[in-house]
Each structure stands twice: as C-alpha cells, then as structure tokens.
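# Coordinate inspection notes
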Amino acid sequence: MPSPAEPRTAATTGGVQSLERAFDLLERMADAGGEVGLSELSASSGLPLPTIHRLMRTLVACGYVRQQPNRRYALGPRLIRLGESSSRLLGTWARPHLARLVDETGETANMALLDGDEVVYVAQVPSRHSMRMFTEVGRRVLPHSTGVGKALLAQSPDEEVRALLGRTGMPAATEKTITTPEGFLEELARVRETGFAMDDNEQEIGVRCLAVPVPDSPTSAAISVSGPAGRVTEAATERIVPLLQEVAAELSVTLAGTTASA
C-alpha cells in the first residue's frame, strides 16, 4: 500500500493528472472494500476534499461510482462491464501458457485473480485424462481453502489477511480445510518460504492443487495445476512446481508486453 500522501503514479509519466487521480481513487475504493466516505479518501490519498468531491462527481456522472443513501460512495455498475472484458482478455493471454502446463503435467491448469475478498477463476485448460478436475471459468470461491487463494494472499501483510478472513469467515469445505486465522497465517508463511501453495484435499476430498503467484502481474494473479491426489503426488510436486514457476514468469512477461503495447 502506498503512503497516504504518495500517489500510486506520478503525473510526470505523461498522463493527465486528473485522470491519474480518478483511477487512484477507484483503486483506493476497491482496497477499502468498494464503499468509502470522502474523508476516508482524503486521508488515504492526501488530496484535499474539494478535489476529491469534484472527481467523484465526474465518476458518478459517468456511472463508475454511485452515491449511497448514507452519502458514502460505492463502486458503480459500469465497472462490471470493464472488469468482465478485462478478465476475458487475461484469460485469452493466459491460455497458451496454461496449455503448456497441461501438455507437460497432464493435469488441469487454471488462472485465478483476487477480486475483493474472493478468488475468481478467469481461465482454464482441462486435462485430457478421463478423471480430471474442472472449475467453471467465472466461479468464485473463498481463498482460505484453495491453492490459488493461498498463493495470492501470501503476497499480503498478515493484518490484511486477518481482516479479510474476519469478513469472509473460514467455513470448512472438507475436514482438511484450515479454519483458524493462526493456522492459515502459518500456512502462508510456508508458502512464502517454499515459493508455492498447496490445497491438499482442503476444497474437495481426493483433489490436490499446486499454485504459484504470477510475479509483477498488473493485478494480483496466480496459476495452478490440479488433479487427483493419487496423481499429484509428492514426486509429481517436485517436478510440477519448478514448471509452474517458469510458466508464471513467462506469463508475467506476456502480461507486461500487452500492457506496454497498449
């Protein structure tokens, strides 16, 4: 997180300052859970209230923000179309990389993003095995019981993870699901140490998933390989994890290239 008075991007990058500030406010609203008051935005951004009020009026008029009956501001419905289109493009860019994972591991490969407090799957290439894992693109799950969720949250400070878990709760999908914040934070420490996350029968009995974050992604993203626990063994893990990390690095380059060419 940037410091309160430090903008995320500098006006000297060639962008219009008011446009940069508007996007900065939208991101701060998303960081705050999607709904904030003007005073909160002023405190976090360092911008004066009149400036924020002027920018918010414009965003409300365009449909990107809406004002609630309690006078607070919330992210608007027009952002949904932009987000859906962006997710589809991310899936398109990721699919060749996921296909390589399937070719070299034989198991289903996924890409997921952290959207608010939930994990959303944006791309998948299924295994060719008759017994395979299938997750519908667009499916949303809580992060505490998934490999991709662990890979994504391992990049966040512990206090932010605790706050998220407090909002979502930690329901048990199986008897193997981690259901305490302390246990989950210990698991995230292991993820940081080893460089990969594992869902070991925690979302579905009989299924094991290995996941890594996509480094330097424009939005927090992770990729994973999942399959029956009888095939995703300890020996398979030693072979799959380096490949996952290699493909994640290649995907990062792809995403950076599409961003730079925009």
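Refer to the structure presented above.
## Re the nonpolar core
- Core analysis: the biggest nonpolar cluster contains 30 residues, and Leu98, Leu101, Met111, Leu210, Ile223 and Leu244 have the highest contact counts within it.
- Of all the elements in the fold, those that place two or more residues in this core are α4 (78-105), β4 (108-115), β5 (118-125), β8 (207-213), β9 (221-228) and α8 (234-260).
- The element best represented in this core is α8, accounting for nine residues.
- Discounting chain neighbours no more than four positions away, the residues touching Met111 are Leu90, Ala94, Leu98, Val120, Tyr121, Val122, Ala123, Ala221, Ala222, Ile223, Leu251 and Leu255.
- Leu153, Met170, Leu185 and Ala197 belong to the second-largest nonpolar core, a separate cluster that totals 21 residues.

## Topic: a nonpolar patch on the surface
- Among the surface-exposed residues, Val16, Leu19 and Phe23 lie close enough to one another that they form a single nonpolar patch of about 300 Å² accessible area.
- Its location among the elements puts Val16 in the segment before α1 (17-31).

## Some remarks on the side chain of Thr105
- Within the secondary structure, Thr105 is located in helix α4.
- Within the structure, the side chain of Thr105 is placed 2.7 Å from the backbone oxygen of Leu101, a separation counted as a polar contact.
- Only 3.1 Å separates the side chain of Thr105 from the backbone nitrogen of Glu107, close enough to count as a polar contact.
- If near-sequence neighbours (up to four positions away) are discounted, Thr105 is found in contact with Val225, Arg239, Ile240 and Leu243.

## A few points about the sheet that holds β8
- The strand order β6-β5-β4-β9-β8-β7 describes an open sheet built from six strands, whose pairing is antiparallel. If you trace the sheet from one side to the other, it starts and ends with β6 (140-141) and β7 (197-200), each paired once.
- Pairing between β8 and β9: seven bridges, direction antiparallel. Bridge assignment links Ala211 to a residue of β9, and that residue is Ser224.

## Points about the pattern of salt bridges
- In total, this model carries 17 salt bridges according to the counting rule given.
- The closest approach of N and O atoms between Glu250 and Arg100, which form a salt bridge, is 2.8 Å. Taken together, the residues Glu250 in helix α8 and Arg100 in helix α4 connect sequence positions 150 residues apart.
- With a relative accessible area of 23%, Arg100 lands in the partly exposed category.

Analysis parameters
Residues numbered from 1 in each chain as written. Predicted model: local features only at pLDDT ≥ 70, side-chain atom pairs only at ≥ 80, totals over all residues. Heavy atoms only, no water. Core = buried A, V, L, I, M, F, W, Y, C linked by side-chain atoms within 4.5 Å. Buried < 20%, exposed > 50% of the residue type's maximum accessible area, 1.4 Å probe, protein only. Helix = DSSP H or I, 4+ residues; strand = E, 2+ residues; numbered from the N terminus. Contact = heavy atoms within 4.5 Å. Patch = residues over 30% accessible without salt bridge, like charges linked within 9 Å, V, L, I, M, F, W, Y side chains within 5 Å. Areas by Shrake-Rupley, 256 points an atom, 1.4 Å probe, with all protein chains shown as cover. Salt bridge = Lys/Arg side-chain N within 4 Å of Asp/Glu carboxyl O. Polar contact = N/O pair within 3.5 Å; in protein donor to acceptor, adjacent residues only side chain to side chain. Pairing = 2+ DSSP bridges.

That's the geometry; what it means functionally is another story.
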